[in-house]
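# Examining the three-dimensional arrangement
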Amino acid sequence: MGHGSSKSSSLDESSDSSGGTNSKPPPSFRERIKKKLHLHRRPAASQHAKLNRDEDFAGIALVTLISAEMKFKDKWLACISIGEQTFRTDTSDQTNMPTWNSEKKFVLESNGPHMAKISVFETNRLSKNNLIGYCEIDLFEFLSRVSDSDIEVFDLFDPSSSNVVVGKISISCSVEDPIETEKSFARRILSIVDYNGDGKLSFSEFSELINAFGNQLAAKKKEELFKSADVNGDGVVSMDELATLLAMQQEKEPLMNCCPVCGEILKISDKLNSMIHMSLCFDEGTGNQLMTGGFLTDNQASYGWMFKLSEWAHVSSYDVGLNSGSSASHIVVFDRRKKRLVEEIIDGKIVLSMRAIYQSKIGLGIMDKGAKEILQSLSEKQGRKMSSLESAKDIPQFLQFFKDQINLAEVKYPLDHFKTFNEFFIRELKNGARPIACVGHDDVAVSAADSRLMAYTTAEESCRFWIKGKKFSIQGLLGNLPCSKDFIDGTLVIFRLAPQDYHRFHFPVSGTIEQIVDISGCLYTVNPIAVNSKYCNVFTENKRAVSIISTADFGKVAFVAIGATMVGSITFTKKKGDYVQKGDEFGYFSFGGSTVICVFQKDSIALDEDLLANSARSLETLVSVGMQLGVSIKKRTELPLPDINNLKM
């Protein structure tokens, strides 16, 4: 379009090759496409998620963040997060009525992520922008509503209090009609090689397009294909004729072996994923205002230039997996209920301190020379402080720091009920705030805590993917109790509680408490930075209490409550000999982070596949008390398959 015909381009190329004055080689066809589409991709950006089954495909949704109404003037940006993807708009002008009109397409799967979080940030800060408001939208509900308009206005809520409205945002969402998608796709392909801009393809332009498809067989049949496409015989191929040819050939013998934009090889047998890939890939060149991608969470998308500089200098990194805990400055986990990645909030100075101590021989050497006693003393002192009346004044600051990760609406008592910080820290929740999965089915185990979960079928697997301490073993974890041999090669589930979590832990199974044994030890942090360290053995050296629960469906289950830095006490609300139901409260941790580990006997439980899959990626799963954990192997064939798509908090 406006670049001359393909014929003149061909002449230029032959001139160059014959030793003309222009020594610079001409751009390849794909390079010309990228220039035309203004593509500036990171290497992985062309890798779109693949569908495993055609029946999982629910459509391609086009979401547009249009504008917002805020309560004060600033420069604003908005983000949308769904699954493991986050995209952001450009920054608006200084205003209280920002307009973005930024769009993005998402592939929707019937059993995949469909809860989108929209976040709006003010951008007047150097290192990190400030989250002002957010809303959560179920795209399936949005798309299925009865309305004459694709546009809807949503309230933006204060992250510190989900019942306070701080603004409004206008969003449109629609599912592309498959026929329109095909036409749009054909229009985009045609525009790439339509150098004279007449909306039609000459034979030379058509030939160049077929070459770009990477199909050698089709390249040998250009004339035949051109005649087949030129239905009206006018010597050119129109957009409608090209769309018809592509659709017809897709059913018989697909023309495209590779994406003309990014070059990714397309599987001829996988027609649906090929169509999805190219629909998303070609969308980047529509000329519309597209959101910027490549982010994992809205926090990452909102970071200012100082963080980007630190990433460039390799001082910080942002990724999922083992490096996220051991060396990166951020911890990213997967929210099981909302099916998306979220960033765990942790003070940057604390991260640096933990990395210095737990990720080096020098740091652990200092620990061995008296720092363990210092941690013990510090935890006891901090415990006393947090139980004093004056500690109550720290509650508002704590809530502000974790402003979008503590839901006060589910807390049993109002804030003025708590006379000390520790009273708030061990807060109870309202009845029904944590529904228990499969009540009445004791052969279904449930999550023991609000936590970040890792699950492995053996201790060896946990050491390969997560626990890097050289001395970790089931026997060491259980303090070499006589019954520890019963758990050799057993299944391991780790529940890591962060300070912002509900800190009461519950029974994952129904049964009788056979024993509760206290084991003295250190108070290392249970943060992944320490757990992923090869220099210390958090779970086998920390103070802990080991309980053995005898069950009818899982045999014996070991329940290990592990203390951590700032956690001086583990309190149980049940005792030896009690018969308990899964979901019943078992006890609580006082101030700080902490961990529960459940060990099941070998071949007694089939853990849910999503938990195992995330753990194999060294990605923690954010879970709540009562969510399904797994099914007794003895009775699993008697139960329907677990439905993790309707998980409730």
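In this report, the structure presented in the accompanying data block is examined. Quantities reported herein were computed from a predicted structural model and do not represent experimental measurements. (Residues numbered from 1 in each chain as written. Predicted model: local features only at pLDDT ≥ 70, side-chain atom pairs only at ≥ 80, totals over all residues. Heavy atoms only, no water.)

Now for the sheet that holds strand 27 (residues 628-632). As summarised here, the arrangement of the 3 strands in space is 14-27-25, forming an open sheet in which the pairing is antiparallel. What marks the edges here is a single partner per strand, and that holds for strand 14 (444-446) and strand 25 (605-607). The average undirected angle you get between the axes of adjacent strands in this sheet is 30 degrees. Bridge count between strand 25 and strand 27: 3 bridges; the pairing is antiparallel. If you follow alanine 606 over to strand 27, its bridge partner there is valine 631. (Pairing = 2+ DSSP bridges. Helix = DSSP H or I, 4+ residues; strand = E, 2+ residues; numbered from the N terminus. Axes fitted to C-alpha atoms, helices over the stretch in contact; angles between N-to-C directions.)

Moving on to the packing of helix 5 (residues 203-212) against helix 7 (residues 222-229). Their axes nearest at 10 Å, the elements helix 5 and helix 7 cross at an angle of 115 degrees. The handedness of the crossing between helix 5 and helix 7 is right-handed. Here helix 5 contributes Phe203, Phe206, Ser207, Ile210 and Asn211 to the contact with helix 7, which in turn contributes Lys222, Glu223, Leu225 and Phe226. Each residue belonging to the contact of helix 5 with helix 7 can be placed in one class, and the counts come to 5 nonpolar, 2 polar and 2 charged. (Left-handed = near helix turned anticlockwise from the far one by under 90°. Contact = heavy atoms within 4.5 Å. Nonpolar A, V, L, I, M, F, W, Y, C, P; charged D, E, K, R; others polar.)

So, on to the sheet that holds strand 21 (residues 570-572). Here we have 3 strands laid out as an open sheet, ordered 17-23-21, and antiparallel in their pairing. One side of each edge strand has no neighbouring strand; the edge strands of this open sheet are strand 17 (504-506) and strand 21. Strand-to-strand twist across the sheet, computed as the mean angle between neighbouring axes with direction ignored, equals 25 degrees. Relative to strand 23 (residues 585-589), strand 17 runs antiparallel, the two being bridged by 3 bridges. Each bridged residue has a counterpart across the sheet, and for phenylalanine 505 the counterpart in strand 23 is glycine 587.

Right, let's talk about unusual backbone geometry for a bit. Even without a glycine there, the phi angle at lysine 339 is positive, about 55 degrees. Counting through the fold element by element, lysine 339 comes out in the loop between strand 12 (331-335) and strand 13 (340-344). Judged by relative accessible area, lysine 339 falls into the buried class, the value being 10%. (Buried < 20%, exposed > 50% of the residue type's maximum accessible area, 1.4 Å probe, protein only.)

Tallied over the entire structure, the rule returns 18 salt bridges. The shortest N-O distance in the salt bridge between glutamate 620 and arginine 496 comes to 2.8 Å. Taken together, the residues glutamate 620 in the loop between helix 21 (609-616) and strand 26 (621-623) and arginine 496 in strand 16 (residues 491-497) connect sequence positions 124 residues apart. A residue is classified by how much of its surface remains accessible, and arginine 496, at 5% relative accessible area, is buried. When salt bridges with common partners are traced through the structure, they connect Glu344, Arg452, Arg496, Asp501 and Glu620 into a single cluster. (Salt bridge = Lys/Arg side-chain N within 4 Å of Asp/Glu carboxyl O.)

To continue, consider the packing of aromatic side chains. Using the criterion set out here, one finds 19 aromatic pairs in the structure. Here phenylalanine 87 and phenylalanine 106 contribute two aromatic rings whose centre-to-centre distance is 5.6 Å and whose plane-to-plane angle is 75 degrees, an arrangement assigned as edge-to-face. Taken together, the positions of phenylalanine 87 in strand 3 (residues 85-88) and phenylalanine 106 in strand 4 (residues 99-109) put the pair 19 residues apart, joining distant regions of the chain. Phenylalanine 106 matches phenylalanine 87 in its accessibility class, with the two residues each being buried. Relative to phenylalanine 402, the ring of phenylalanine 401 lies with its centre 4.9 Å away and its plane at 85 degrees, an arrangement referred to as edge-to-face. Accessibility expressed as a relative area gives 6% for phenylalanine 402, which makes it buried. We note lysine 117 situated over the ring of tyrosine 134; from NZ or CZ to the ring centre the distance is 5.6 Å. (Phe/Tyr/Trp six-rings, centres within 6.5 Å; stacked < 30°, edge-to-face > 60°. Lys NZ or Arg CZ within 6 Å of the ring centre and 35° of its normal.)

The subject of this paragraph is the environment of serine 162. On the secondary structure map, serine 162 appears in strand 8 (residues 161-175). Residue classification places serine 162 among the partly exposed positions, given a relative accessible area of 39%. The contact partners of serine 162, leaving out residues within four places of it in the chain, are Tyr134, Phe157 and Asn407.

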